[in-house]
Amino acid sequence: MNFHTRKWVKPEDLNPNGTLFGGSLLRWIDEEAAIYAIVQLGNQRVVTKYISEINFVSASRQGDIIELGITATEFGRTSITLTCEVRNKITRKSILTVEKMVFVNLGEDGLPAPHGRTEIRYVKDQFQDDIAGQ
């Protein structure tokens, strides 16, 4: 799993207990996962269909730097399934895991549409595809 996105936990992200508010973290995860799905499927029209059980395993406090890791685990005909882990950047201690997130690829009509992808595409491969197509 690659950890690309990093967030700095600030006072406005805290709950009354002084730890990272779960809602803020879930918003960051959903946004990062949507961006990942968009990049993998090559289409900006994707929607969150399903998020499995969310397992908060440790707290994060103000000043912590956290990182979000997301990877594709399955490609359906019109969907992509992802898994996610959030961890403390410095200690590498896991903060949260989401076993399964499903995003659906949409056509211009707003309905589920086949995406034709079957495996993870990496940035280096995308650039090679662009150069080969010229």
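Positions within a chain are numbered from 1, following the residues in the order the chain's sequence is written. Reporting in this predicted model follows two pLDDT cut-offs: at least 70 for local features of residues, and 80 or more for side-chain atom pairs to be given and counted; totals over whole chains, interfaces and linings ignore these cut-offs and use all residues. Where side-chain values are given, they derive from all heavy atoms of the structure, hydrogens and water being excluded.

This part covers the overall build of the protein chain. Only DSSP runs of H or I reaching four residues or more are called helices, and only runs of E reaching two or more are called strands; each is numbered from the N terminus. Secondary structure summary: the protein chain contains two helices and six strands in total. Moving toward the C terminus, one meets the helices and strands of the protein chain in the order β-α-β-β-β-β-β-α. Dimensions of the protein chain along its principal axes, counting C-alpha atoms only, are 50 × 30 × 20 Å. Of all 134 residues assigned to the protein chain, the portion counted as buried reaches 40%. When contacts within the protein chain are restricted to residue pairs at least 6 apart in sequence, those whose partners lie at least 24 apart make up 67%. All accessibility values rest on the Shrake-Rupley procedure with a 1.4 Å probe; residue burial counts only the protein chains present in the view. Total accessible area on the protein chain stands at roughly 8100 Å², and carbon and sulfur atoms take up 50% of it. Charge counting follows a simple rule: Lys and Arg are positive, Asp and Glu are negative, and His as well as the terminal groups are ignored. One atom stands in for each charge, and that atom is NZ of Lys, CZ of Arg, CG of Asp or CD of Glu. Each charge sign in the protein chain was given a centre, from 16 positive and 17 negative side chains, and these centres are 3 Å apart. When accessible area is computed with a 1.4 Å probe and restricted to protein chains, residues below 20% of their type maximum are described as buried, those above 50% as exposed, and intermediate ones as partly exposed. For this analysis, residues touch if any pair of their heavy atoms sits within 4.5 Å.

Here the focus is the environment of Leu-41. Mapped onto the secondary structure, Leu-41 falls in helix H1 (residues 22–41). Note on Leu-41: relative accessible area 5%, which makes it buried. On a C-alpha basis, the gap between Leu-41 and Pro-114 in space is 9.7 Å, while along the polypeptide they are 73 residues apart. Ignoring any residue separated from it by four or fewer positions in sequence, one finds Leu-41 in contact with Val-46, Phe-75, Ile-80, Asn-105, His-115 and Arg-117.

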